[in-house]
Amino acid sequence: AMVQDKAAVEQFFSLVRLRRDPNDWLRYCHTRDPLQRIAHHLSNSLTQSEFAQFIIRFEQSQLAKQVDDTKHGRLRATPAVRESVCKTLGWKRRKFEHHLSIGRKWNRVCGEYDGLLCFIMHSKRGGLEVAPESYWAMADEEVAEFHRLLDDSYTRSICAAGKAFQDSLGGAEDTEFRWESINLTPAKVLEENMLSYLAPFPSISKNIYDPTRHPNWPRPQAWPAEWPWPVDPTLEGATGCELCEGTTACDCIDNGFPEVKPRIKRYEGKGLGLQAAAASPGQIAYLKNARIGHITGEIVPLDKYQESHWVLEFTRPDIDSADTPAVCQLYCGESGNCFRLLNHDCKPSARFTPKKVSGRYIMVVEALKDIHDGTEITVSYGNGFFGEACSCQTCK
Ligand SMILES: [Zn+2]
Ligand SMILES: [Zn+2]
């Protein structure tokens, strides 16, 4: 099937790359309501870019999923339901039925292969031209046969990547893909072990502490003599929380941060970075001193990684000392959330600061000044991070 061709994977790379443009037009839509988002995207996708074409297909498909009760036996919506959704969207009936009917066609083609839409070729791409109509025209038996052809581990893997991308368009946390952070060109990825690079980078919502992976974990020099060792160096013990100022267990680790997450963008000369996103366009995304999120990774012994870019020194403010001493490293090279992508700037807009949540220290990302929607969030990794000729935005 065409969707299993290399060109289909190239199209997916291209969609992800277009989405990483700091000025992609999707960034002007911030609503978390699916219908409002669909209306916004389908009404504003005036450009003929490949990305816009994909977004139209995706939102048409989402519209049909919203309207039809696909979860419960694929029931088609009654005229009354359609009437009401159409009203919510503020559309003329013809426009609504047009998008709905195309969305239903795509959902029939994709069936249970959620994420497949990213790999269905746009007719203008490459020599493999397949007009949408030839997909839509398939009879029921042909669709069933098409789905049988797709039933393999390769297709399941590419669909998982496609679904992660589609979910991020729907407002979920942005997904980073493995090939993006290892600086491989799509051509190279296609040659090598592509499926592992296509996979989303393993995202974790909490730090990993697994002492069995680091036998004989050395006691940090700053560790107070009266404190037990070995233990998780981020564990304080008491249940207090510096975020909600509560004294009992709380859910701040999951819910103590803004609901709208920063977006992953590609910045010239710097690679991937994080863009501030406000609840609505043009606003201040984070006020000075606001908490933006917290960075996650694996807790490893101090000095475990000497040369890695993916390491953060983890300090404990509650240790009585002139300087805040490091007690471990936070390693984000193999797992971690999007905050591992924060770029350096000599005049940063944010900083890492350890805070206690439910008796455990986490590394919170805090705004140093008001950060506007659409601007890059930066931190300082120390003077000379980029060597003598610093290439950060401030020094350039
Ligand atoms: Zn709390
Ligand atoms: Zn600089």
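Keep in mind that what you see is a predicted model, and the values were worked out from it rather than measured. (Residues numbered from 1 in each chain as written. Chains lettered and ligands numbered in written order. Predicted model: local features only at pLDDT ≥ 70, side-chain atom pairs only at ≥ 80, totals over all residues. Heavy atoms only, no water.)

## Notes on the overall build of the protein chain
Our working definition: Helical segments are the DSSP runs of H or I of at least four residues, strand segments are the runs of E of at least two, and each set is numbered from the N terminus. The size measure is the radius of gyration over C-alpha atoms, and the globule rule it meets is 2.2 Å times the number of residues to the 0.38 power. Whether a residue is buried, partly exposed or exposed follows from its accessible area with a 1.4 Å probe, protein chains only, as a fraction of its type maximum: under 20%, in between, or over 50%, in that order. Only heavy atoms enter the contact rule, under which two residues are in contact if any of them lie within 4.5 Å. Surface accessibility follows the Shrake-Rupley procedure with a 1.4 Å probe radius. Residue values consider only the protein chains on display as shielding. The convention is simple: Lys and Arg are positive, Asp and Glu are negative, and His and the chain ends are not counted. To locate a charge, the coordinates of NZ of Lys, CZ of Arg, CG of Asp or CD of Glu are taken.
Within the protein chain, the regular secondary structure consists of 12 helices and 12 strands. For the protein chain, the C-alpha radius of gyration of 24 Å lies close to 21 Å, the compact-globule estimate for 396 residues. Once the C-alpha set of the protein chain is aligned to its principal axes, its extents read approximately 75 × 45 × 45 Å. Each of the 396 residues in the protein chain was classed as buried or not, and the buried ones make up 48%. Within the protein chain, contacts between residues at least 6 apart in sequence are counted, and of these 73% link residues at least 24 apart. Counting only carbon and sulfur atoms, one obtains 50% of the accessible surface of the protein chain, whose full area is about 19,500 Å². Between the averaged position of the 48 positive side-chain charges in the protein chain and that of its 52 negative side-chain charges there is a distance of 6 Å.

## A closer look at the sheet that holds strand β7 (residues 326-331)
Within a sheet, adjacent strands bond to each other through the backbone by hydrogen bonds, running parallel or antiparallel. For clarity, the cut-off: Strand pairing is assigned whenever DSSP identifies at least 2 bridges connecting the two strands. To get an axis, a line is fitted to the C-alpha atoms, and for a helix only the part in contact is used. The angle between two axes follows their N-to-C directions and goes from 0 to 180 degrees.
The three strands lie next to each other as β5-β7-β6, forming an open sheet whose pairing is antiparallel. Sheet topology places β5 (298-300) and β6 (311-315) at the edges, where each strand pairs with a single neighbour. The average angle at which neighbouring strand axes cross in this sheet is 35 degrees, direction not considered. One ladder, built from three bridges, connects β5 with β7; its direction is antiparallel. Residue pairing across strands places Val300 opposite Gln329, the latter belonging to β7.

## Re the packing of aromatic side chains
We describe a pair of aromatic rings using the distance from one ring centre to the other and the angle between the two ring planes. Using the following cut-off: Within 6.5 Å between ring centres, the rings of Phe, Tyr and Trp (the latter by its six-membered ring) count as paired, and their orientation is classed by plane angle as stacked under 30 degrees, edge-to-face over 60, tilted in between. When the NZ atom of lysine or the CZ atom of arginine is within 6 Å of a ring's centre and also within 35 degrees of its normal, the charge is said to sit over that ring.
Under the definition given, this model contains 16 aromatic pairs. Put simply, the rings of Phe12, Phe13, Phe54, Phe58, Phe119, Phe165, Phe177 and Trp179 touch in pairs and so form one group of aromatic residues. Its end group placed over the ring of Tyr267, Lys270 keeps NZ or CZ at 5.9 Å from the ring centre.

## Structural notes on the coordination of the zinc ion (ligand 1)
Convention followed: For Na, K and Ca the donor cut-off is 3.2 Å, and for all other metals it is 2.8 Å, counting N, O and S atoms only; because water is absent from this set, sites may look incomplete. Irregular is the default label, applied whenever a site is not tetrahedral (four donors, all angles between 85 and 135 degrees) and neither square planar nor octahedral (four or six donors, opposite donors over 155 degrees apart, all other angles between 65 and 115).
Within the protein, Cys241 (SG), Cys244 (SG), Cys250 (SG) and Cys252 (SG) serve as the donor atoms for the zinc ion (ligand 1), at 2.2 to 2.3 Å. One way to put it: the four donor atoms around the zinc ion (ligand 1) meet at angles of 104 to 115 degrees, and that makes the site tetrahedral. Read in sequence order, the donor residues for the zinc ion (ligand 1) give the motif C-x2-C-x5-C-x1-C. Look at Cys244 and you get partly exposed, because its relative accessible area is 41%.

## Section: the pairing of strand β10 (residues 360-367)
When a strand is regular, its side chains alternate between the sheet's two faces. In terms of burial, β10 is largely enclosed, as seven of its eight residues are buried. The pairing of strand β4 (residues 291-295) with β10 spans four bridges and is antiparallel. Residue Gly293 lies in a different strand from β10, and its bridge partner there is Val365. Pairing geometry for strand β9 (residues 350-357) and β10, over eight bridges, is antiparallel. Pairing of Val357 across the sheet is with Arg360, part of β10. Linking β9 back to β10 in an antiparallel pair, the connection comprises two residues, with Ser358 at a positive phi of about 50 degrees.

## Examining the domain arrangement of the protein chain
What counts is decided by this rule: How far each domain reaches was decided by an automatic or database domain assignment. Throughout, buried area stands for the accessible area (probe radius 1.4 Å) lost by two parts on being put together, summed over both.
Looking at the assigned domains, one finds that the protein chain contains domain 1 (2-198) and domain 2 (211-379). A C-alpha centroid distance of 34 Å is found between domain 1 and domain 2. The interface of domain 1 with domain 2 comprises 16 residues on the first partner and 21 residues on the second. Summed over both sides, the interface of domain 1 with domain 2 buries roughly 1,700 Å², with 49% coming from carbon and sulfur.

## Some words on the environment of Leu302
Structurally, Leu302 is set in the loop between β5 and β6. Ignoring any residue separated from it by four or fewer positions in sequence, one finds Leu302 in contact with Pro220, Glu313, Ala326, Val327, Cys328 and Gln329.

## Focus: the pattern of salt bridges
Where charged atoms from two side chains of opposite charge approach closely, those side chains can pair. Keep this limit in mind: A pairing counts as a salt bridge when a side-chain nitrogen of Lys or Arg comes within 4 Å of a carboxyl oxygen of Asp or Glu.
The tally for this structure, following the rule as stated, stands at 22 salt bridges. Taking the shortest distance from any N to any O, the salt bridge between Asp114 and Lys65 comes out at 3.4 Å. In this pair, Asp114 is assigned in the loop between α5 (93-110) and α6 (132-136) and Lys65 in helix α3 (residues 50-67), connecting sequence segments 49 residues apart. By relative accessible area, which is 31% here, Lys65 ends up partly exposed. With a shortest N-O distance of 3.0 Å, Arg93 and Glu83 are connected by a salt bridge. Taken together, the residues Arg93 in helix α5 and Glu83 in helix α4 (residues 79-89) connect sequence positions 10 residues apart. If you follow the salt bridges from partner to partner, you end up with Arg82, Glu83, Arg93 and Glu97 in one network.

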